[in-house]
2 protein chains.
Amino acid sequence: MPGSSDNKEFFLGIDGGGSKCKAIIVDADNKILGTGISGPANPLHGYEQAVNSITESAKLAIKDAGLGGLELKDVIAGVGLAGVNLPVLFEQMSNWQHPFKQMFLATDLLIACLGAHNGQDGAVMITGTGSCGFSYVDGHPYTLGGHGFPHGDKGSGAWFGFQAANHVLMSLDGLKADSVINNQLLNKLNVKDGLEMVETIAGKPAAFYAQMANLVFDAAEDGDEIAKEIVHEGASYISGIARQLDKQNPPRISLIGGLTPRIMPWLDKDIKDKLEEPVCPPEVGSVIYARQQLALL
Amino acid sequence: MPGSSDNKEFFLGIDGGGSKCKAIIVDADNKILGTGISGPANPLHGYEQAVNSITESAKLAIKDAGLGGLELKDVIAGVGLAGVNLPVLFEQMSNWQHPFKQMFLATDLLIACLGAHNGQDGAVMITGTGSCGFSYVDGHPYTLGGHGFPHGDKGSGAWFGFQAANHVLMSLDGLKADSVINNQLLNKLNVKDGLEMVETIAGKPAAFYAQMANLVFDAAEDGDEIAKEIVHEGASYISGIARQLDKQNPPRISLIGGLTPRIMPWLDKDIKDKLEEPVCPPEVGSVIYARQQLALL
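One structure accompanies this document, and this report is about it.

Parameters at a glance
Residues numbered from 1 in each chain as written. Chains lettered and ligands numbered in written order. Predicted model: local features only at pLDDT ≥ 70, side-chain atom pairs only at ≥ 80, totals over all residues. Heavy atoms only, no water. Contact = heavy atoms within 4.5 Å. Buried area = accessible area lost by both parts, 1.4 Å probe. Salt bridge = Lys/Arg side-chain N within 4 Å of Asp/Glu carboxyl O. Polar contact = N/O pair within 3.5 Å; in protein donor to acceptor, adjacent residues only side chain to side chain. Nonpolar A, V, L, I, M, F, W, Y, C, P; charged D, E, K, R; others polar. Least-squares fit on C-alpha atoms with pLDDT ≥ 70 in both. Core = buried A, V, L, I, M, F, W, Y, C linked by side-chain atoms within 4.5 Å. Buried < 20%, exposed > 50% of the residue type's maximum accessible area, 1.4 Å probe, protein only. Helix = DSSP H or I, 4+ residues; strand = E, 2+ residues; numbered from the N terminus. Pairing = 2+ DSSP bridges. Axes fitted to C-alpha atoms, helices over the stretch in contact; angles between N-to-C directions.

**Focus: the interface of chain A and chain B**
Phase 1: Residue-level contacts link 24 residues of chain A with 24 residues of chain B.
Phase 2: Here chain A meets chain B over a buried area of about 2200 Å², counting both sides, of which 65% is carbon and sulfur.
Phase 3: Together, A:His147, A:His151 and A:Asp173 form the three largest contributors to the area buried by chain A at its contact with chain B, with a combined 30%.
Phase 4: For the pair chain A and chain B, the interface holds 0 salt bridges.
Phase 5: There are 8 residue pairs in polar contact (both at pLDDT 80 or more) connecting chain A and chain B.
Phase 6: Of the residues belonging to the side of chain A that touches chain B, the class tally is 14 nonpolar, 7 polar and 3 charged.

**Topic: the relation of the copies chain A and chain B**
Phase 1: Superposition record for chain A on chain B: RMSD 0.1 Å, screw rotation 180 degrees, translation along axis 0.1 Å. Taken together, the rotation and translation describe the operation of a two-fold axis. Of every C-alpha in chain A, the one belonging to A:Pro150 sits nearest the axis of rotation, 3.9 Å from it.
Phase 2: Comparing interface residues between copies, 100% of those in chain A also lie at the interface in chain B; the contact surface is shared.

**Let's talk about the nonpolar core**
Phase 1: Counting residues in hydrophobic clusters, the biggest one holds 51 residues, and the most contacted among them are A:Met125, A:Phe160, A:Ile181, A:Met197, A:Ile201 and A:Tyr209.
Phase 2: With 10 residues, the single largest contributor to this core is helix H9 (residues 225-246) of chain A.
Phase 3: Non-local contacts of A:Ile181, meaning those with residues more than four positions away in its chain, are made with A:Ala164, A:His167, A:Val168, A:Leu215, A:Ala219, A:Ile226, A:Ala227 and A:Ile230.
Phase 4: Counting residues in hydrophobic clusters, the runner-up holds 50 residues, among them B:Phe160, B:Ala235, B:Leu255 and B:Leu267.

**Re the sheet that holds strand E9 (residues 253-256) of chain A**
All names here are of chain A.
Phase 1: Read from one edge of the open sheet, 4 strands run E8-E7-E6-E9, paired in mixed fashion. Each edge of the open sheet is held by one strand with a lone partner, namely strand E8 (140-145) and E9. On average, adjacent strands in this sheet sit at an angle of 15 degrees to one another, irrespective of strand direction.
Phase 2: Along the sheet, helix H3 (residues 108-116) makes contact with strand E6 (122-127), strand E7 (131-137), E8 and E9, crossing E6 at roughly 120 degrees.

Structure representation (structure tokens):
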């Protein structure tokens, strides 16, 4: 955590993504007093839902902290959101008649990076439902990947699940080798053959496929050749992202996101040796961002 | 064409797919007298639209033939449709209060196969917007692939375009080698970078990606290594489908669909040597099917 601030106010830190919005409220020393979680907050999937989720999570955090008398108009909010890398959405969210004393808006990538490196320069690879690389060095933000599913986001949970589904369909057709993931995937989807499987998976979004990622890692760890191939290909992409980010000379590099413990052992050794533990989670990065911006005013 | 029939009636042959419906009207000797083309006719994407497209294409074919006095209730129709491989859709279409004297319903795969082999046993690989393999031997239909986009349909136009887009996004990120398809794809999509490209391609259907397939084949023919890799992988899947179908001992195997001239040169030599020219198009296969079924009654 950064040292004490002279600012005696409370700060909200918001981390809003495609599936949920997390809020924390911290005191002047960045001590977390309460947390709140609400629904999706990516404005790309709906502006109204995003602003409602942000407001709701903030109220829940204040309630959780037992700060009954505190109102949203009394607090300064750092808000990190997925989607606002698109200029049109950044502008729309900036124009929101927000309920806070002040709001500082940033991308989910920037607040994740600031959190991981405690407000200092650094780089992160994020792999959860999606995947992405980001560095922030000398005031210069740099993004890699994160193109979305299914056309991008290699090495993400959705990508691993999708590769598994691809493989199983071809394997059931006799066009690829058998694998333990064939039956495991059919069981997981509660279907009996390829035809039923296709009916179940057709048109499904990233979050659906991401649920199958652990199954692939389990099989790979048990030595299944097909699963190992898939995991190697995805991990190799994440290693490539790290190598590319490293060219920006970030003082620290971290791997974050829900898939971190699964994919970490499969990264190239030179990359594994470089990685450092993230210091704070993204929502704390939002608070750090708000404090930094406030200091600049 | 099969020999003359004793039946003096006119026959309609319908080939209905996801983007259009083609109808022909033939005389007793299977001579094509007129053709008609209307909109989509895959009942999976809408029952009403499918039956309207079938009726409209049939009327257009009769009009094109100059058979002014002929009505739909006077003709026997062979109707091959995408989507009716799903039992629920086959039943729904079978229960249609159709306007024809008689209707014989089959999958688009069966009529394509019957057409290609002039009503005899055989196998087909179909690669256009989607891809699929099908054989019909001793009354036994056998389907391979055709699982749909983006989770299946490897070696299809959509798959080639999708692979190209995947590659270009990674290449623009510096994570894969450069290729002539990078600029060609950006130009084709009329975008200037990866960010604009993602906005353009996100959520697009198979038909959108299929428009980029020719660009990949052009680049591969010009010796671009990346394009050659993509084309080899797709063609190798189609060769695999052929090899798998061959285990059913079909007397003939043909490659059909819009991508045929592009992919043919890239198939494995043993497969190329096996392929025979399709005798008739799918809509003629529908007529053949209707005549065969009528003979069984």
